[in-house]
Amino acid sequence: MQTPYYLIDKSRLLPNMEKIAWLREASGVKSLLALKCFATWSVFDFMSQYMDGTTSSSLYEVRLGREKFGKETHAYSVAYADNEIDEVLSHSDKIIFNTIGQLTRFEAQSAGHKRGLRVNPGVSTSSFDLADPARPFSRLGEHDPEKIAQVADKISGFMFHNNCENADFERFDAMLSLIEQRFGFLIRSMEWISLGGGVHFTGEGYPLDRLADRLKRFADQNGVQVYLEPGEASITKAATLEVTVLDTLHNGKNLAIVDSSIEAHMLDLLIYREQAKVTPNAGDHEWMVCGKSCLAGDIFGEFRFPEALKAGDRLSIQDAAGYTMVKKNWFNGVKMPAIAVRELDGTVRQVRDFGYEDFAAALS
């Protein structure tokens, strides 16, 4: 298959799904795929066997969740527009408002719908200010219990989303206790509570049994149905970005230029100044792998290989499912990676390719 392309491997996706299914059974929690992280619907039929539905951040995401995933569909947005609220409601089982102002503004239109409110507990696990929902002056959710109490009769649930790639169960436990202490009297008047995503419970060595017990106790003590919204936890290590070396040069370091770009195809690496993952990343030859866009800092990272790289060599960039396909763009007119799926029997099928007409259609 011609590179570049994202390769989703169901045999790597399956262990995440099995852990999610186990947690659902052991704790009673419901699990919703966070489409803001992963929305490649060609594998939704597979994932829907293990998950309860989807949660969204926009009109288009909630519609995609309803049409392609099915099951339970939660709608959330930082702000809904007048011209989209009716369609959002038509595609969702629950609608979660970011502020009391939005809840009030659309109270009449959403009457009879299951409604929720995002609550900002003021604590988080994010190590990046850019992604910290509890950063100073955050617009993400209401934070005052007294104000929230005044509209509690208009809603049936809350969403708390304050974890970010949190693989520390003790930290999750401590933050949940803080949430209970501050908002417990409100939580106990609700029917359901979403604890959002960002809990890295499918990671190796995570104490899944302790998480299940904590979630079950939280649900039982407060009399609520608990939801989790796994994004990265659903698809960790499930896909690669397959690329080919186009050229090599030496300028103080060995440089290899590939037919892909972090600016266009793995934008989070650029935003958070992180390095891509290549395995086994071992050998006597160290190379900087660079993207083909004109951006000077379009660099995947520095890695070690058993042999010197040369034009035509194939490389696999690991862990390329989350926040990649949903953020890919046409910067420099670099060809968009195709999307392929490796089935459980090992066969690979291309499910989507992108060409010039797609590039032109995205413009004017």
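Computed from a predicted structure; not experimentally measured. (Residues numbered from 1 in each chain as written. Predicted model: local features only at pLDDT ≥ 70, side-chain atom pairs only at ≥ 80, totals over all residues. Heavy atoms only, no water.)

**Some words on the overall build of the protein**
Now for step 1: Of the regular secondary structure elements, the protein holds 12 helices and 16 strands.
Now for step 2: For the protein, the spread of C-alpha atoms along the principal axes amounts to about 65 × 50 × 45 Å.
Now for step 3: The burial tally for the protein puts 54% of its 364 residues in the buried class.
Now for step 4: Contacts in the protein between residues at least 24 apart in sequence constitute 67% of all its contacts with a sequence separation of at least 6.
Now for step 5: When the accessible surface of the protein is split by element, carbon and sulfur atoms take 49% of a total near 16400 Å².
Now for step 6: When the 40 basic and 50 acidic side-chain charges of the protein are each reduced to a single mean position, those positions are 2 Å apart. (Helix = DSSP H or I, 4+ residues; strand = E, 2+ residues; numbered from the N terminus. Buried < 20%, exposed > 50% of the residue type's maximum accessible area, 1.4 Å probe, protein only. Contact = heavy atoms within 4.5 Å. Areas by Shrake-Rupley, 256 points an atom, 1.4 Å probe, with all protein chains shown as cover. Lys, Arg positive; Asp, Glu negative; His and termini not counted. Charge placed at Lys NZ, Arg CZ, Asp CG, Glu CD.)

**A word on the UniProt feature "domain: Orn/DAP/Arg decarboxylase 2 C-terminal" (unreviewed entry) in the protein**
Now for step 1: The UniProt record marks residues 153–320 with the feature "domain: Orn/DAP/Arg decarboxylase 2 C-terminal" (unreviewed entry), using the residue numbering of this structure.
Now for step 2: Helix makes up 28% of residues 153–320 and strand 26%, and the two end C-alpha atoms of the span are 43 Å apart. (UniProt positions renumbered as here; feature names shortened; annotations may be inferred.)

**Thoughts on unusual backbone geometry**
Now for step 1: Here the residue pair Thr3 and Pro4 is connected by a cis peptide bond, since its omega of 0° sits within 30 degrees of zero.
Now for step 2: Looking at the element boundaries, Pro4 is found in the segment before strand E1 (5–9).
Now for step 3: In this structure, the amide linkage connecting Thr279 to the following residue, Pro280, adopts the cis form with an omega of 10°.
Now for step 4: Note that Pro280 resides in the loop between helix H11 (267–271) and strand E12 (285–290).
Now for step 5: A positive phi angle is found at Lys71, which is not glycine, with a value near 60°.
Now for step 6: Checked against the element boundaries, Lys71 lands in the loop between helix H3 (59–69) and strand E4 (72–76).
Now for step 7: Residues other than glycine seldom take positive phi values, yet Phe137 does so here, at roughly 65°.
Now for step 8: Its place among the elements puts Phe137 in the loop between strand E6 (114–118) and helix H6 (145–149).
Now for step 9: Under the relative-accessibility criterion, Phe137 is labelled exposed at 86%.

**Comments concerning helix H7 (residues 169–187)**
Now for step 1: Compared with an ideal rise of 1.5 Å per residue, which puts 19 residues at 27 Å, H7 spans 22 Å between its outermost C-alpha atoms and falls more than 12% short.
Now for step 2: When H7 is considered as a whole, its buried residues turn out to be Phe169, Phe172, Asp173, Met175, Leu176, Ile179, Glu180, Phe183, Gly184, Leu186 and Ile187.
Now for step 3: Structurally, H7 contributes buried residues whose contacts are with H6, strand E7 (157–159), strand E8 (192–194) and helix H8 (208–222).
Now for step 4: Its side-chain oxygen placed 3.0 Å from the backbone nitrogen of Glu170, Asp168 serves as the N-cap of H7. (Expected span 1.5 Å × (residues − 1). Polar contact = N/O pair within 3.5 Å; in protein donor to acceptor, adjacent residues only side chain to side chain.)

**Looking at the packing of H7 against H8**
Angle between the axes and distance between the axes are the two parameters that describe a pair of packed helices.
Now for step 1: Across the interface, H7 lies against H8 with an axial gap of 12 Å and an inter-helix angle of 5°. One way to sum up the angle between H7 and H8 is to call them roughly parallel. Contacts between H7 and H8 involve Phe169, Glu170, Phe172, Asp173, Leu176, Ser177, Glu180, Gly184 and Ile187 on the former and, on the latter, Arg210, Leu211, Arg214, Leu215, Phe218, Gln221 and Asn222.
Now for step 2: Class assignment of the residues belonging to the contact of H7 with H8 gives a composition of 7 nonpolar, 4 polar and 5 charged. (Axes fitted to C-alpha atoms, helices over the stretch in contact; angles between N-to-C directions. Parallel < 35°, antiparallel > 145°, perpendicular 65-115°, else oblique. Nonpolar A, V, L, I, M, F, W, Y, C, P; charged D, E, K, R; others polar.)

**Digging into the side chain of Thr3**
Now for step 1: Turning to its location among the elements, Thr3 is positioned in the segment before E1.
Now for step 2: For Thr3, a relative accessible area of 4% corresponds to the buried category.
Now for step 3: Polar contacts involving the side chain of Thr3 include one to the side chain of Thr244, which spans 2.6 Å.
Now for step 4: Ignoring any residue separated from it by four or fewer positions in sequence, one finds Thr3 in contact with Glu242, Val243, Thr244, Asp259 and Arg314.

**A short note on the pattern of salt bridges**
Now for step 1: Counted under the stated rule, the structure contains 26 salt bridges.
Now for step 2: When the shortest N-O distance is used, the salt bridge between Glu72 and Lys94 registers 2.6 Å. One end of the pair, Glu72, is in strand E4; the other, Lys94, is in strand E5 (residues 94–97), with 22 residues separating them in the sequence. Of the two residues, Glu72 and Lys94, both sit in the buried class. (Salt bridge = Lys/Arg side-chain N within 4 Å of Asp/Glu carboxyl O.)

**So, the pairing of strand E15 (residues 338–342)**
Now for step 1: Counting buried positions over the 5 residues of E15 gives 4, a clear majority of the element.
Now for step 2: In terms of strand pairing, E15 meets strand E16 (residues 348–352) through 4 bridges, oriented antiparallel. The residue bridging Arg342 from the neighbouring strand is Val348, located in E16.
Now for step 3: Where E15 folds back on E16, the antiparallel hairpin that results is connected by 5 residues, among which Gly346 adopts a positive phi of roughly 95°. (Pairing = 2+ DSSP bridges.)

**What to know about the packing of aromatic side chains**
Now for step 1: Overall, the coordinates contain 10 aromatic pairs when judged by the stated rule.
Now for step 2: Connected via pairs of aromatic rings, a cluster forms that spans Tyr80, Phe97 and Phe106.
Now for step 3: Seen from the ring of Trp41, Lys68 lies directly overhead, with NZ or CZ sitting 4.0 Å from the centre.
Now for step 4: The ring of Trp192 has Lys94 lying over it, and the distance from NZ or CZ to the ring centre is 5.5 Å. (Phe/Tyr/Trp six-rings, centres within 6.5 Å; stacked < 30°, edge-to-face > 60°. Lys NZ or Arg CZ within 6 Å of the ring centre and 35° of its normal.)

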